Amino acid sequence: MIFVLGATGKVGRHLVPALLDAGAAVRALTRDPAKARIDPRAEVVRGDLDTADLPALLAGADRVFVLTQGHSADREAAVAHAAARAGVTHLVKLSTTGVHFGQTDPISRAHAEAEQAIRTAGPEWTILRPGAFMDNRFAWLGSIREENAVYVPEGDPASALVHVRDIAAVATLALTTSGHEGATYELTGGEALTTEAQVAILSEAIGRPVKYVEEPESAARERMMRKYGWPAEAVDGFFALKRESAAHEHVVFDTVGRVLGRPPLTFAAWAQENASAYHHQE
């Protein structure tokens with residue numbers, strides 16, 4: 001049985017049905033089963049990792065998908081050690097390419113610490129390090145719906161965005177087939193696209209012009225705080241992460257194609273799938 005943390009997240013909501021389709025038994029953790037939209041074929045359990053009885057949650061599981069809210073190294077280490085005591089044989093952790101590139105932002109540092117805990121806990125392990133998600137472009141929903149425009153800070157780097165279904169597909173293989181033990185997989189899409197090119201692709205999928213607007217960092221900061229309600233420290237963190245990732249966000253890894261035996265899903269496909277979300281709301 002496979003125990004899935006983060007079952008309602010961007011990757012988890014694709015991973016759970018993929019595992020079930022592969023014939024696996026799945027136990028999915030959520031804080032609120034009544035609100036969670038989890039495949040009904042899965043066993044859904046209520047729990048918060050800060051207060052949960054981990055041995056009880058892990059009882060009967062032999063593989064665990066590790067992803068915690070806030071990317072907490074302490075929580076993930078606790079899960080890894082409890083899993084080892086419970087007889088779990090394989091841990092698959094969702095990390096970030098920031099670890100591969102040695103980034104020092106708080107999220108990458110937490111993932112690096114958690115990776116180390118996973119590697120030394122005892123069970124076999126596989127580390128998945130995706131780059132930026134295509135789903136991050138849902139951040140443009142408001143400005144596209146309201147203004148038919150996308151605002152980005154000047155110098156926004158090209159990005160090899162990855163589809164969450166590709167991440168879930170690699171995770172499914174790692175959790176259900178052999179040969180992935182001890183592997184660390186960097187996961188990106190198949191091409192690096194400038195932000196302007198992403199907007200053009202999304203515009204075509206939506207079926208109406210969308211204006212691409214570059215603005216100075218000062219204007220972008222003001223927009224985040226005024227329009228989106230971000231606190232100043234969150235805005236500082238965003239730009240610190242942007243500066244650190246700019247040098248390598250364009251890097252394309254061939255891992256998805258090698259592991260899945262097919263090309264990575266494209267941003268154009270993602271845009272077609274999600275075009276209706278960007279339509280004006282009545």
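Residues numbered from 1 in each chain as written. Predicted model: local features only at pLDDT ≥ 70, side-chain atom pairs only at ≥ 80, totals over all residues. Heavy atoms only, no water.

J.: What exactly am I supposed to notice about unusual backbone geometry here?
T.: For residues that are not glycine, phi is negative in most cases, and the peptide bond is trans in most cases. Here Asn148, not a glycine, exhibits a phi torsion of approximately 50°, which is positive. Relative to the assigned elements, Asn148 resides in the loop between helix H6 (141-147) and strand S7 (149-153). (Helix = DSSP H or I, 4+ residues; strand = E, 2+ residues; numbered from the N terminus.)

J.: Teacher, can you tell me more about the nonpolar core here?
T.: Within soluble globular proteins, side chains that are nonpolar generally end up buried alongside one another. The biggest cluster of nonpolar side chains holds 34 residues, and the ones touching the most others in it are Val4, Val11, Leu15, Val16, Leu19, Phe65 and Leu128. For this core, the secondary-structure elements that each account for two or more residues are strand S1 (2-4), helix H1 (12-21), strand S2 (26-30), strand S5 (90-94), helix H7 (164-176), strand S8 (183-187) and helix H11 (255-260). Among the elements that make up this core, the one with the highest residue count is H7 (seven residues). Not counting the four nearest positions on each side in its chain, Phe65 is found in contact with Phe3, Val4, Leu5, Val11, Leu15, Val92, Leu94, Ala171 and Leu175. (Core = buried A, V, L, I, M, F, W, Y, C linked by side-chain atoms within 4.5 Å. Buried < 20%, exposed > 50% of the residue type's maximum accessible area, 1.4 Å probe, protein only. Contact = heavy atoms within 4.5 Å.)

J.: Could you clarify how one ought to interpret the pattern of salt bridges in this entry?
T.: It is possible for side chains of opposite charge to pair when their charged atoms get near one another. Summed over all chains, the structure comprises 13 salt bridges. Here Arg13 ties to Asp135 by a salt bridge, and the two come within 3.4 Å at their closest N and O atoms. With Arg13 in helix H1 and Asp135 in the loop between strand S6 (124-130) and H6, this pair connects stretches of sequence that are 122 residues apart. Between Arg129 and Glu115 there is a salt bridge, with the nearest N and O atoms lying 2.8 Å from each other. Of this pair, Arg129 sits in strand S6 while Glu115 sits in helix H5 (residues 106-120), and the two are 14 residues apart along the sequence. (Salt bridge = Lys/Arg side-chain N within 4 Å of Asp/Glu carboxyl O.)

J.: Mind showing me how you'd approach the sheet that holds S6 here?
T.: Strand pairing in a sheet takes place through backbone hydrogen bonds and is either antiparallel or parallel in direction. Read from one edge to the other, the open sheet built from seven strands follows the order S3-S2-S1-S4-S5-S6-S8, with strand pairing classed as parallel. The sheet terminates laterally at strand S3 (43-46) and S8, the two strands that pair on one side only. Averaged over all adjacent pairs, the angle separating strand axes in this sheet is 20°, with direction ignored. As paired elements, strand S4 (residues 63-66) and S5 share four bridges and run parallel to each other. Within S5, the position partnered with Val64 by the bridge is Leu91. Against the sheet, H1 makes contact with S1, S2 and S4, and its axis sits at roughly 170° relative to S1, the strand it touches most. (Pairing = 2+ DSSP bridges. Axes fitted to C-alpha atoms, helices over the stretch in contact; angles between N-to-C directions.)

J.: Teacher, can you tell me more about the pairing of S7 here?
T.: Moving residue by residue along a regular strand, the side chains alternate between the two faces of the sheet. For S7, a buried count of four out of five residues is recorded, marking the element as mostly surrounded by other parts of the structure. Sheet topology note: the S7/strand S9 (residues 211-215) ladder contains five bridges and is parallel. Residue pairing for S9: Val152 is matched across the bridge by Glu214.

J.: Help me out: how do you make sense of the environment of Met225 in this one?
T.: Inspection of the secondary structure assignment puts Met225 in helix H9 (residues 217-226). Among the residues examined, Met225 registers a relative accessible area of 38% and is labelled partly exposed. Sequence-wise, Met225 and Val235 are ten residues apart; in three dimensions their C-alpha atoms are separated by 7.5 Å.

J.: Looking at this model, I keep getting lost on the packing of aromatic side chains. Mind explaining?
T.: Aromatic ring pairs are described here by two measures, namely the spacing of the ring centres and the angle between the planes. This model, assessed by the stated rule, comprises four aromatic pairs. Between Phe101 and Phe253, the aromatic rings sit 6.1 Å apart at their centres with planes inclined by 45°, giving tilted as the arrangement. A residue pair is termed long-range when its members are at least 10 positions apart, and Phe101 in the loop between helix H4 (97-100) and H5 and Phe253 in the loop between helix H10 (232-245) and H11 qualify at 152 residues. You can call Phe253 buried: its relative accessible area is 18%. Between Phe138 and Tyr278, the ring centres sit 6.2 Å apart and the planes meet at 20°, which makes this aromatic pair stacked. With Phe138 in the loop between S6 and H6 and Tyr278 in the segment after helix H12 (267-274), this residue pair connects regions lying 140 residues apart in the sequence. Counting every residue linked through ring pairs, the aromatic cluster contains Phe138, Phe267, Trp270 and Tyr278. (Phe/Tyr/Trp six-rings, centres within 6.5 Å; stacked < 30°, edge-to-face > 60°.)

J.: Quick question: what am I supposed to make of helix H8 (residues 195-206) here?
T.: Helical periodicity: at 3.6 residues per turn, an α-helix aligns residues three or four positions apart in one direction. The terminal C-alpha atoms of H8, which comprises twelve residues, lie 16 Å apart, in line with the 16 Å expected from a rise of 1.5 Å per residue. Taken as a whole, H8 has its buried residues at Thr195, Gln198, Val199, Leu202, Ser203, Ala205 and Ile206. The arc that holds every buried residue of H8, seen down its axis, measures 160°, which confines them to one face. Against H6, S7, S9 and H12 lie the buried residues of H8. Just beyond H8, the residue with positive phi is Gly207, at close to 95°. (Expected span 1.5 Å × (residues − 1). Arc of directions from axis to C-beta.)

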